Amino acid sequence: MNSLSSTLARTLASAVVTAAALGGCAMMGCAGSKCGTQASAQKCGACKAKCGACGAKK
Amino acid sequence: MISTRRLQRHWRTAPDAQIAIVLHAARRSVSAFADATTASGSLLQSWIAGREVLEFEHYPPDDLVDTRSGSQFYYHSHRDGELEHGHLHLFWHATASGHRRYLRPGRRRWTRTAPSHLFAISLDARGLPVALFTVNRWVTDGHWFDAATTMSQVDRFAMGDIDGHEISCRWLSGFVQLYRPLIEDLLVKRDRRLARRANLVQALDDRKLELLSLIPIDWAADLDALEAEASRREA
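Residues numbered from 1 in each chain as written. Chains lettered and ligands numbered in written order. Predicted model: local features only at pLDDT ≥ 70, side-chain atom pairs only at ≥ 80, totals over all residues. Heavy atoms only, no water.

A tally of helices and strands in chain A yields 4 helices and 0 strands. Going from N to C terminus, chain A has its helices and strands arranged as α-α-α-α. Here chain A holds 58 residues, and the buried ones make up 34% of them. (Helix = DSSP H or I, 4+ residues; strand = E, 2+ residues; numbered from the N terminus. Buried < 20%, exposed > 50% of the residue type's maximum accessible area, 1.4 Å probe, protein only.)

Set out below in structure tokens:
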């Protein structure tokens with residue numbers, strides 16, 4: 001038995017490890033909520049205009 | 001782990017039909033997890049798609065939305081600590097009274113709805129789910145519902161086949177079904193914590209109150225427990 005956890009272990013052994021997130025826009029002072037959906041973040045857009053980090057990464 | 005013992009207790013007394021449904025969901029979820037890892041390198045990469053991960057950015061950029069069921073989720077990363085690389089936020093589109101808000105024909109997005117947060121799933125750098133948690137209303141906005149109403153929405157949470165993300169949607173739908181008993185505990189804990197405050201409206205907007213409940217999980221151990229319960233019934 002335990003076939004599912006065995007499959008999981010084999011899968012994890014081959015999984016790519018993603019590097020930790022780099023500092024991004026913390027949306028300080030933004031009208032959008034911290035962890036809201038993308039639609040709510042796009043309501044104001046002030047965070048993208050203010051810091052410029054979003055533009056710089058492209 | 002406490003979460004595994006809680007699931008064991010629940011499954012021990014669950015009807016056979018429920019165990020069969022949960023086992024099917026678990027198999028579907030593990031299979032999708034393996035498929036995502038084979039296809040993209042990891043479940044995380046199925047959303048990140050090789051981009052540089054920036055704090056607070058959404059992956060995929062426009063979130064994943066099932067307009068038929070009113071379900072939505074996205075992955076992002078910003079919390080400190082070694083437990084997780086990032087987390088998924090799950091939402092359900094509802095009216096203020098908790099009912100489903102249907103999308104008007106021809107519309108791609110809801111225009112007047114506030115997607116309500118259900119709960120979040122912490123994932124490690126390999127894409128392995130390691131914890132479930134809830135956050136305060138100010139973190140995500142949206143309408144606020146008690147645990148019972150939120151659970152009725154969790155039960156209706158379903159991600160259909162979204163173009164390019166069929167595998168991760170299959171993983172998530174199965175995963176939510178598997179962890180339903182723990183999600184219920186998580187939401188009850190959330191409500192109990194808020195109930196200690198004198199004023200709920202103020203508490204929901206209290207910036208010092210962000211994380212409301214968290215349950216670490218061991219997915220492999222939980223799968224073993226489920227399979228052991230299924231075997232016990234077959235014996």
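Back to the text.
Attention now goes to empty space enclosed by the protein. By rolling a water-sized probe across the atoms, one finds the places where empty space is left. Residues and elements named next belong to chain B. Tallying each qualifying case throughout the model produces 1 cavity of 30 Å³ or more. Here the largest cavity is characterised by a volume of approximately 50 Å³. Every residue along the wall of the largest cavity is listed here: His117, Arg137, Thr140, Asp141, His143, Trp144, Phe145, Thr150 and Arg190. Residue composition of the lining of the largest cavity, by class: 2 nonpolar, 4 polar and 3 charged. (1 Å grid on protein atoms, 1.4 Å probe; cavity = no way out; pocket = protein on both sides within 12 Å on 5 of 7 lines; lining within 4 Å. Points joined across faces, edges and corners; volume = space filled by probe spheres on them. Nonpolar A, V, L, I, M, F, W, Y, C, P; charged D, E, K, R; others polar.)

Next up on the list: the environment of B:Ala235. Residues and elements named next belong to chain B. Checked against the element boundaries, Ala235 lands in the segment after helix H9 (219-234). For Ala235, a relative accessible area of 89% translates into the label exposed. Measuring from C-alpha to C-alpha, the distance between Ala235 and His87 comes to 39 Å, with 148 residues separating the pair along the chain.

Along helix H1 (residues 3-13) of chain A, the positions that sit buried rather than exposed are A:Leu4, A:Ser5, A:Leu8, A:Thr11 and A:Leu12. Taken end-on, H1(A) shows its buried residues confined to a sector of 120°, consistent with a single buried face. Along H1(A), the residues that are exposed and aim more than 90 degrees away from the buried face are A:Arg10 and A:Ala13. Along its buried surface, H1(A) packs onto helix H2 (16-40) and H9 of chain B. (Arc of directions from axis to C-beta. Contact = heavy atoms within 4.5 Å.)

Before going further, it helps to spend a moment on the interface of chain B and chain A. At the junction of the two partners, chain B supplies 45 residues and chain A supplies 32 residues. Taking both partners together, chain B and chain A bury about 3300 Å²; carbon and sulfur atoms supply 63% of that area. On the chain B side of the contact with chain A, B:Phe56, B:Arg126 and B:Glu227 bury the most area, a combined 18% of that side's loss. For the pair chain B and chain A, the interface holds 0 salt bridges. Remark: the boundary between chain B and chain A carries 13 residue pairs in polar contact (both at pLDDT 80 or more). Elements represented by at least two residues in the side of chain B that touches chain A include exactly H2, helix H3 (43-48), strand E1 (59-66), strand E2 (71-76), strand E3 (86-94), helix H4 (137-140) and H9 of chain B. At 7 residues, the largest contribution of residues to the side of chain B that touches chain A is made by H2(B). Partitioned by chemical class, the residues of the side of chain B that touches chain A number 21 nonpolar, 13 polar and 11 charged. (Buried area = accessible area lost by both parts, 1.4 Å probe. Salt bridge = Lys/Arg side-chain N within 4 Å of Asp/Glu carboxyl O. Polar contact = N/O pair within 3.5 Å; in protein donor to acceptor, adjacent residues only side chain to side chain.)

All names here are of chain A. Averaged over all residues, the pLDDT of chain A is 69; the fraction at 70 or higher stands at 50%. Within chain A, the element-level pLDDT minimum falls on helix H4 (residues 53-56), averaging 41, and the maximum on H1, averaging 96. Long-range and interchain partners of residues 44-58, a stretch whose pLDDT sits below 50, account for 14 contacts in this model, where long-range means more than four residues apart. (pLDDT = per-residue confidence, 0-100.)

Right, let's get into the packing of aromatic side chains. Here a ring pair, both rings aromatic, is described through the centre-centre distance and the interplanar angle of the planes. All names here are of chain B. Across all of its chains, the model carries 8 aromatic pairs over all chains by this definition. Aromatic side chains Trp47 and Phe73 sit 5.9 Å apart centroid to centroid with 80° between the ring planes, which places their arrangement in the edge-to-face category. Placement of Trp47 in helix H3 and of Phe73 in strand E2 is noted, with a sequence separation of 26 residues between them. When sorted by exposure, Trp47 lands in the same class as Phe73, which is buried. Taken together, a centroid distance of 5.7 Å and an interplanar angle of 80° make the contact between Phe175 and Trp219 edge-to-face. A residue pair is termed long-range when its members are at least 10 positions apart, and Phe175 in helix H6 (residues 166-178) and Trp219 in helix H9 qualify at 44 residues. (Phe/Tyr/Trp six-rings, centres within 6.5 Å; stacked < 30°, edge-to-face > 60°.)

Residues and elements named next belong to chain B. What the 6 strands build is an open sheet, ordered E1-E2-E3-E4-E5-E6; its pairing is antiparallel. Two strands close off the open sheet at either side, each with one partner strand: E1 and strand E6 (211-216). Going across the sheet, the axis of each strand differs from the next one's by a mean of 25°, ignoring polarity. Pairing geometry for E3 and strand E4 (residues 114-123), over 9 bridges, is antiparallel. Its bridge partner lying in E4, His87 is registered against Ser122. (Pairing = 2+ DSSP bridges. Axes fitted to C-alpha atoms, helices over the stretch in contact; angles between N-to-C directions.)

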